[in-house]
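The lines below spell out each chain.
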Amino acid sequence: MEADNRGLSYLESRKLVKRWNGPWPAIANLLLIFAVFYATWWVFQDPRGIMRMYTPYVGYMVCRWLLIMLIWLAYIFDFWPFNHAWLQRTHPVVKGLILSAVCVAAMEILIKGFFMGILGKYGIAYFNPERLQAMGLTHFYAEEYATEAIMMFAAIASWLSPSWVVACENAPWQKLAQPARGITIAVVTFFLGTIVYFVTMHSHMAILFYPWQQYTAITPPYWEEFANTVSGNFHIAWIMSCTVIVWVYEGIWERYPFNLIQTAWLRRTSAFFGIIAVALCLCFFLYYAQDLAWGESIRGTRREMAPDWRWLHVGESAIFWLVGVLFLNFFCGNYPTKYSRPVNVFLRTVISAAIGMAVYFFYYRYAHLVLGTQKGLSHPQQFPMIPMIWLINLFLVNIWFMDGWPGWKAVPKTASERDATAEEVVAHDVKWTPSLAKGLAVGATAGIAVYFGVIAAMPWVGQIQMIK
Amino acid sequence: MDDKITASRRDFVKGAATGAVGGLLGGMGLYSYTKNAYDRLPKVAREQQEFGAVRSVKVTAISETSWFNNAHLMEDIQKSGGLLVDQYTIGWGPFGNGKGPGKSSYAEGIAPIKAMLPNDLEAAWEIQTKKALHPENPGGFSSLLEVEDLDGSKHKYLLDVGWSYAWMDQAFKREGIDEMLKTGEIEQLILTHEHFDHFFGLPVAMKANPKVPTIIHNGFYKEGLQYIKDSGYQGELKIADKEMTLIRPGMMLIKFDVPIICRVYGETSLAFNVKDKGLVLISGCNHQGILQMTSTAYKKLKYDNDRFHGLYGGLHISPFEDWDPKYDDLVISLGKWDFEKVGCNHCTGHLTAKKFVERGYPVVRGTARFRSSSPDYLGNGDTITF
């Protein structure tokens, strides 16, 4: 079967059905995922393992670009060149292996061919390790700098690429057949990503070199005063928040509340910029929360007192929440579902945040015992985003490529279910009424009160001894 | 009527749920990163612990050249798997096992040389020249501290013991450290942290005085603790487990619990209150960050004139001549602390020293002797007095 005639993608046209009742599917999948996580971590990333890509930037770049490839293949290209019939009849494990291999191959081509090859050789030297080494850098740092730059591109793509699908609904190319639609959106988001890269990360890279490369980049960068650092980690903070909010909006929020807007262009534009706005709220809060918990940052310090680290930690903290969001969405049936959409969204937000905080705590307390990393919050060469994104990649492979095997199986949606999915673009279950308005006012007041309660509690939270 | 009320309640709940998320996000976005929000942060209370004073502190850089070829060091690290790899497995002397980068272990490395420590170090290092990666590359970091009390009496301390047995033996002889250890003139050995270039040369000091009182950070791994025993140490090992440990009046050891590259945890540094001048900070590598140290000292200690007078040591900014924009934050911000004398070397990095000088910081230049590569900063055999 080719692309659904209602324009539904493969992911929209299938329904995942539990193979067993109760929590067993989730338990089975998580056991499988954690086993694969640890095996692949040992082979590829672990500093004690086989390939030891966690140098750190080589491994950081790989896990981030792998994430982008998964998103491109499943969301943007709708699995092209594989057709829906093949996806439906092929065993999930075989699909998982083949589609993952395709992503790895595409990632290799992009990194080695485009970034290091074309861009690094003919455009911007810092994308190419050999060029940097030829100019006197050690081989190690030549690779670290180049992979850091390539990794930053991926950070931007991890926000923009899915955003175009989730918020902009593939517009205005939604009616194009694959691969034309995929190529178009990939190229457009890559172009936008390039602009964002130049105005956010290029200056960061330019001041890696002595003297500051003031003829090719804005130095000192324009954000210095606002962010209290010249580091591009300030941008990592809000961009990673955007990445997380895209999936929050797509998953546990079910595209609420922007899907209430009936006018297509307004809905899409509101969703796109709304995601950014929500991400900025999250970003500023997570930064402020650290200042409340650990004391105000001091510019020029290292580690957890430094503004650059705290901006980075905003992105890291957001990723812990994303793990909670995807866990709830993928393995708990987007629990809860029995209430109205706004109530479900509210409860899922609270539950996923609680899961994220628990993962955060357990990561910093125990992860060094198994990942080959160092205990402590702020090791300058350790990025919790690497294991978290590695885990998220496996979540996505399991759910997108393997239809949730072994705990779930994919069955085609019925005609009415497909109709419902197609119509779901605009939600009709929340209407403007005086009661709704009263509820909004009361809820907003309560939300603000909770916010001030949280920030009042942060100094106490900061006293919790997480590292032992 | 009931249906209407029920619908109205449902709408209210829907609105309340939406409003709650919206209100929470609104607070986060509109308040968090504002001046008002920061005005509510409590002012930092200075504890200003009295810890006495000294008349002067003289530092001799016995060796600041931890390695002689940066490319070789980084090649070893890269081939082993990067900056998170356990230092005992990389294959550096004295723990090389001849199996190549990243394939060594403490047990395999120490086995053939254990019996030779600490008295037959030439033979031990000779074995390592056949098994270790780039055996000609190690040097080491070590400094002699001469503290003059207010009554004029002088006290000597050895800060770290370097790396290569051969190099450190030569360096100790050059500065007379071996004799000072033998005679007990050196009152205490302070091992700032477990890193190879500060710690692996321990048997050289043990050869001269295996009972010298020694203090270490409580973050040493089991291999490090075993190496202290295997090096022939017979004295009483003191483990710093509090943030502040008074070494003598006017000399405070400050402990920082920070994760460090090559699987090391924690570092200690020293603060001196020099009478009528102010605070002097001395570090081995300063992995915690120099401004982290200044801000800790500012909050916790009381010192003359309430000012920072001097700074010495590896400042761990660009140890591998690498760079990161956050280092510029440090270079830009250091000026606010207004140090009168900056004696830096070792893992500070030449590029950092150059940037310090460009900003007008009072960096004390060196003489580039005994294989120190540049007069940009204090080198081997150079001294600085605070």
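What counts, and at which threshold
- Residues numbered from 1 in each chain as written.
- Chains lettered and ligands numbered in written order.
- Predicted model: local features only at pLDDT ≥ 70, side-chain atom pairs only at ≥ 80, totals over all residues.
- Heavy atoms only, no water.
- Helix = DSSP H or I, 4+ residues; strand = E, 2+ residues; numbered from the N terminus.
- Buried < 20%, exposed > 50% of the residue type's maximum accessible area, 1.4 Å probe, protein only.
- Salt bridge = Lys/Arg side-chain N within 4 Å of Asp/Glu carboxyl O.
- 1 Å grid on protein atoms, 1.4 Å probe; cavity = no way out; pocket = protein on both sides within 12 Å on 5 of 7 lines; lining within 4 Å.
- Points joined across faces, edges and corners; volume = space filled by probe spheres on them.
- Nonpolar A, V, L, I, M, F, W, Y, C, P; charged D, E, K, R; others polar.
- Contact = heavy atoms within 4.5 Å.
- Buried area = accessible area lost by both parts, 1.4 Å probe.
- Polar contact = N/O pair within 3.5 Å; in protein donor to acceptor, adjacent residues only side chain to side chain.

**Description of unusual backbone geometry**
- With an omega dihedral of 10°, the bond running from Y256 of chain A to P257 of chain A counts as a cis peptide bond.
- Within the secondary structure, P257 of chain A is located in the loop between α11 (233-250) and α12 (264-294).
- Here the amide bond leading from Y335 of chain A into P336 of chain A is cis, since omega sits at -5°, within 30 degrees of zero.
- Following the sequence through the fold, P336 of chain A ends up in the loop between α13 (307-331) and α14 (341-366).
- Phi at R255 of chain A is positive, roughly 65°, even though this residue is not glycine.
- Tracing the backbone shows R255 of chain A in the loop between α11 and α12.
- Here A368 of chain B, not a glycine, exhibits a phi torsion of approximately 55°, which is positive.
- With respect to the helices and strands, A368 of chain B occurs in the loop between α14 (350-358) and β13 (383-385).
- A relative accessible area of 31% places A368 of chain B in the partly exposed class.

**Some thoughts on the pattern of salt bridges**
- Overall, the coordinates contain 37 salt bridges over all chains when judged by the stated rule.
- We note a salt bridge from E424 of chain A to R341 of chain A, for which the minimum N-O separation is 2.8 Å. Residue E424 of chain A is found in the loop between α17 (415-423) and α18 (434-461), and its partner R341 of chain A is found in helix α14; the two are separated by 83 residues along the sequence.
- By relative accessible area, R341 of chain A is classed as buried at 9%.
- Via salt bridges that share partners, D86, K222, E223 and R263 of chain B belong to a single interconnected network.

**Focus: empty space enclosed by the protein**
- Per the stated rule, a full pass over the model turns up five cavities of 30 Å³ or more.
- Reported here for the largest cavity is a volume of approximately 510 Å³.
- Taken together, 41 residues line the largest cavity, and the ones lying closest to its centre are Y57, P380 and Q381 of chain A together with D324 and K326 of chain B.
- Of all the secondary structure elements, the ones that give two or more residues to the lining of the largest cavity are α3 (57-76), α7 (139-166), α11 and α13 of chain A together with α13 (325-334) of chain B.
- Top contributing element to the lining of the largest cavity by residue count: α7 of chain A, with seven residues.
- Of the residues in the lining of the largest cavity, the class split is 22 nonpolar, 10 polar and nine charged.
- In this structure, the second largest cavity occupies an estimated 60 Å³ of space.
- Taken together, W67, H195, F196, D197, I261, C285, H287, H316, P319, F320 and C347 of chain B make up the lining of the second largest cavity.

**Here we look at the interface of chain B and chain A**
- Of the residues lining the interface, 68 residues belong to chain B; the matching set on chain A comes to 74 residues.
- Where chain B abuts chain A, roughly 6400 Å² becomes buried across the two surfaces, and 64% of that area is made up of carbon and sulfur atoms.
- Our count for the chain B to chain A interface comes out at one salt bridge.
- Remark: the boundary between chain B and chain A carries 34 residue pairs in polar contact (both at pLDDT 80 or more).
- Contributing elements (two or more residues each) for the side of chain B that touches chain A: α1 (2-31), α2 (35-39), α3 (70-80), β8 (251-260), β9 (264-274), α12 (290-300), α13 and α14 of chain B.
- With 19 residues, α1 of chain B is the single largest residue contributor to the side of chain B that touches chain A.

By themselves, these are just geometric observations and shouldn't be taken as functional.
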